[in-house]
Amino acid sequence: MSRTYPASALLTSLLLIVAILAVIFLSQQDILYRNYYTQNSYHQYLNQKYKLLTELQKSSDELNNECNKYKQERITKYASNIQYQYSCDFKSIFIQPKPTKDKYIQVDNILNWLDLETYQPALHYVSSLDELPDSSENNPQIVIMENDIDESLKKDFYGIIITDYYFDIKGKKIYGVLYSSYDNFREERNLTYKRSVVDAIEKQFSYWQYLPNSSNILAND
């Protein structure tokens, strides 16, 4: 003898089955999403790690170029929560602190004061004031005198004069600094310190250099 069930009971059972299947389906979807999210996050982490490891393998020339680009002592790069950092060192033609007010500096050895070896191609060696190169406040020059000078300057000169000889000028002015190993110390009305010229010299004759063995990956935040 067959048993009959009320339609409401069958409907309730079907709804319950549908609800259970929906819960199972949504749970599976959630698990799949979580797995996808985890794998995707790990994949991104590996890509970031690889990128930074590639950065660590850059050549010294490439890192020197970046130091000259950013012009700061510490360069930090970020990729998500991974940090890559290295150090740069500023190299100026001024070995001693650059002049801030002195127009005349007495020296024993100019190489203890200025890095002339690095910038040798840019130096001008002259034996008379007529041979001085063209110069300006924004384009100063560095000149090394090869003998005594007692002449009249026909046009203003901007930059640094270096001499081991007697040096005396009349006429126009020199705006910058005179470095001398000869006793040229006296009141010189034709020699004037000009800060903008010294700053332009340092800007023109300086560079940033990668500090060897300073590259590292920092701990995650």
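Residues numbered from 1 in each chain as written. Predicted model: local features only at pLDDT ≥ 70, side-chain atom pairs only at ≥ 80, totals over all residues. Heavy atoms only, no water.

1. Considerations on the pairing of strand β7 (residues 157–163)
This is how the line gets drawn: Under the scheme applied here, a residue whose accessible area is under 20% of the maximum for its type counts as buried, over 50% as exposed, and between as partly exposed, the area being computed with a 1.4 Å probe on protein chains only. Note on conventions: DSSP H or I runs of at least 4 residues are helices, E runs of at least 2 residues are strands, and numbering of each starts at the N terminus. At least two DSSP bridges between two strands are needed for those strands to be called paired.
In terms of burial, β7 is a largely internal element, seven of the seven residues being buried. Pairing of strand β5 (residues 141–145) with β7 involves four bridges; the strand directions are parallel. Paired with isoleucine 142 across the two strands is isoleucine 160, which belongs to β7. With seven bridges joining them, β7 and strand β9 (residues 174–180) adopt parallel strand pairing. Its bridge partner lying in β9, tyrosine 158 is registered against tyrosine 175.

2. A closer look at the nonpolar core
Convention followed: Buried Ala, Val, Leu, Ile, Met, Phe, Trp, Tyr and Cys residues that are joined via side-chain atoms within 4.5 Å together make up what is termed a nonpolar core. Should any heavy atoms of two residues lie within 4.5 Å, those residues are considered in contact.
Formed by 19 residues in total, the largest nonpolar core has its most connected members in Ile93, Phe94, Leu114, Ile142, Ile160, Ile162 and Tyr179. Apart from the residues within four sequence positions on either side, isoleucine 142 is in contact with Ile93, Ala122, Leu123, His124, Ile160, Ile162, Ile201 and Phe205.

3. Thoughts on the packing of aromatic side chains
Defined as follows: Between rings of Phe, Tyr and Trp, where Trp is taken as its six-membered ring, a pair exists when centres lie within 6.5 Å; planes separated by under 30 degrees are stacked, by over 60 edge-to-face, and by other angles tilted.
In total, this model carries eight aromatic pairs according to the counting rule given. Between tyrosine 84 and tyrosine 86, the aromatic rings sit 5.5 Å apart at their centres with planes inclined by 50°, giving tilted as the arrangement. This pair shows no difference in class: tyrosine 84 is buried, exactly as tyrosine 86 is. Within the aromatic cluster, the residues linked to one another by ring pairs are Tyr84, Tyr86 and Tyr210.

4. Overview of helix α3 (residues 195–204)
Three or more residues of α3 are buried, namely Val197, Val198, Ala200, Ile201 and Glu202. Of the surrounding secondary structure, the elements contacted by the buried residues of α3 are β2 (82–92), β5, β7, β9 and β11 (206–210).

5. Regarding the pairing of β9
Of all seven residues in β9, seven are buried, a share of seventy percent or more. Alignment of strand β3 (residues 104–106) against β9, held across three bridges, turns out to be parallel. Pairing of isoleucine 105 across the sheet is with tyrosine 179, part of β9. Note: β9 against strand β10 (residues 191–192), two bridges, orientation parallel. Of the residues in β10, the one forming a bridge with isoleucine 174 is leucine 191.

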